[in-house]
Amino acid sequence: MQEKPKAKIPAYLPFNAFWIRLTLLLILVAGIYFFHSFAKPIITAFIIVIITWPAYMKMLAYFNYKHKTAASIATLAAIIFLVTPLGLLASFTIKEVINFLGWAVNANATGVMAPEWFGSIPWLGQWLSENWNEHLSAPGMIGEVTQVFGSQNIGSVYRNVISTSGSILHILLTLTFTLITLFFLYKDGHTLVNQLDKAGDYFYSQRWFRYSRVIPLAIRSTVLGMGVIAIAEGVILGVAYWIAGFPSPVIMGIVTGFMAMVPGGAPLSFTMVSLYLIATGSSTAGILLFLWGAIELFMVDKFIRPRLVGGPMQLPFLPTFFGLVGGVKTMGFLGLFIGPALMVILVMLWREFIQDLTEIKARRTERETEQE
């Protein structure tokens, strides 16, 4: 039986393959360009899904694996327990910032003398009062001090805050895109994971399955151990500041939550507030606040944090600090969570690389020993 001649491959096929790949690359670049503004909602939704995926799997099993029903309930839970509290917090924060800047504008116009309670501060009271009266007591001096630290005067800062608080449409659109992405990630999460596993196994077959399972655990551990606990400490201590009579409990609660991500930040925050209350004559409130903060911090570090932080690695202080500062500078509030999560991935990849070098060196030493 005569064999059929093999078909010849046209000479122009590599040229066509080149243009096909170039076209796909251009389409990918165009897609990134047109959809880069949705990066924040998409990343936010991914982080929320990664954190809540174990709980969502239990919910999905409870509803007999009805993906649409479980995804709808999970998205509704995110609105109730995440969006609503953040919206209330933002509302109170904007009000306090506007009130403070309004006071600063009036004080800049008329001048303001040093508070009387400065004199009750040990060692520093007299120095603080003298410098305050020297630099801030005359009209217009607060604006001059503001311009030293920035290019805007106090009136411009006040107007910018008012205009920023009015950009409700942009916030609502971002929130809507985040919730839509969150719903579809919950609903089609299994399909997406399978597709990513196929692509990852094709491009990086040796270690993809290890990285694809360890990285979500590391992100979940970092965000829960840093972000969620920091938010809880900010809320709890913020309420304590309000009960103790501190003038700006919401703003100071936010500062405490941010500082709680840095080792030693939360104790420093409630200690400063306690000293302020003692200096202004509220000694009982200041002492009780300090005791409450110490007890709360002990309970969190002893019982709550070890239960939440069960991931494969702990992030050192310096990468944590860089992740927080760089994340906030790049992506604003979301950077508090995205920055440390990215640093977890970088640190883990770096440790894997060092481990590989160590193993290669050990194998090389074994070969040299056997040859000798």
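Above this text sits the structure in question.
This structure is a prediction, so every number in the text was calculated from the model and none was measured.

Conventions and cut-offs
- Residues numbered from 1 in each chain as written.
- Predicted model: local features only at pLDDT ≥ 70, side-chain atom pairs only at ≥ 80, totals over all residues.
- Heavy atoms only, no water.
- Helix = DSSP H or I, 4+ residues; strand = E, 2+ residues; numbered from the N terminus.
- Buried < 20%, exposed > 50% of the residue type's maximum accessible area, 1.4 Å probe, protein only.
- Contact = heavy atoms within 4.5 Å.
- Areas by Shrake-Rupley, 256 points an atom, 1.4 Å probe, with all protein chains shown as cover.
- Patch = residues over 30% accessible without salt bridge, like charges linked within 9 Å, V, L, I, M, F, W, Y side chains within 5 Å.
- Salt bridge = Lys/Arg side-chain N within 4 Å of Asp/Glu carboxyl O.
- Axes fitted to C-alpha atoms, helices over the stretch in contact; angles between N-to-C directions.
- Parallel < 35°, antiparallel > 145°, perpendicular 65-115°, else oblique.
- Left-handed = near helix turned anticlockwise from the far one by under 90°.
- Phe/Tyr/Trp six-rings, centres within 6.5 Å; stacked < 30°, edge-to-face > 60°.

Chemist: How do you make sense of the overall build of the protein chain when you look at a structure like this?
Modeler: Each helix and strand counted, the protein chain has 14 helices and zero strands in total. Shown N-terminal to C-terminal, the secondary structure of the protein chain runs as helices and strands in the order α-α-α-α-α-α-α-α-α-α-α-α-α-α. Here the protein chain holds 372 residues, and the buried ones make up 30% of them. Expressed as a percentage of contacts within the protein chain between residues at least 6 apart in sequence, the contacts between residues at least 24 apart total 67%. Accessible surface, the protein chain as shown: approximately 24,800 Å² in total, 71% of it carbon and sulfur.

Chemist: Just checking my understanding: could you explain the side chain of Glu-296 for this structure?
Modeler: Mapped onto the elements, Glu-296 comes out in helix 12 (residues 283–308). Other than its neighbours up to four places away in sequence, Glu-296 contacts Glu-233, Ile-236 and Leu-237.

Chemist: Looking at this structure, I do not really get a nonpolar patch on the surface. What am I missing?
Modeler: On the surface, Leu-268, Met-272, Leu-275, Ile-278, Ile-287, Leu-288, Phe-290 and Leu-291 cluster together to form a nonpolar patch covering roughly 760 Å² of accessible area. Mapped by element, the contributors of at least two residues to the nonpolar patch are helix 11 (265–279) and helix 12. Along the polypeptide, Leu-268 turns up in helix 11.

Chemist: Help me understand the packing of helix 10 (residues 249–259) against helix 11 in this model?
Modeler: Helix packing geometry: the angle between the two helix axes and the distance between the axes. Two elements in contact, helix 10 and helix 11, have axes whose closest approach is 7 Å; the angle formed by their N-to-C orientations is 155°. With respect to each other, helix 10 and helix 11 are oriented roughly antiparallel. Considering the relative orientation of helix 10 and helix 11, their crossing is right-handed. Contacts from Met-252, Val-255, Thr-256 and Met-259 in helix 10 reach Gly-265, Ala-266, Leu-268, Ser-269 and Val-273 in helix 11.

Chemist: Please clarify how the packing of aromatic side chains should be interpreted in this entry.
Modeler: Two aromatic rings are characterised by how far apart their centres lie and by the angle between their planes. Per the counting criterion, the structure on display carries nine aromatic pairs. Seen from their ring centres, Tyr-241 and Phe-246 are 6.2 Å apart, and the 55° between their planes marks the pair as tilted. For the pair shown, Tyr-241 and Phe-246 are each scored as buried.

Chemist: Would you take a moment to explain the environment of Tyr-241 for this structure?
Modeler: Mapped onto the elements, Tyr-241 comes out in helix 9 (residues 208–244). Relative accessible area serves as the criterion here: at 0%, Tyr-241 is assigned to the buried category. Sequence separation between Tyr-241 and Gly-286 is 45 residues; the distance between their C-alpha atoms is 9.4 Å. Non-local contacts of Tyr-241, meaning those with residues more than four positions away in its chain, are made with Phe-246, Pro-249, Met-252, Gly-253, Thr-256, Ser-269, Phe-270, Val-273 and Leu-289.

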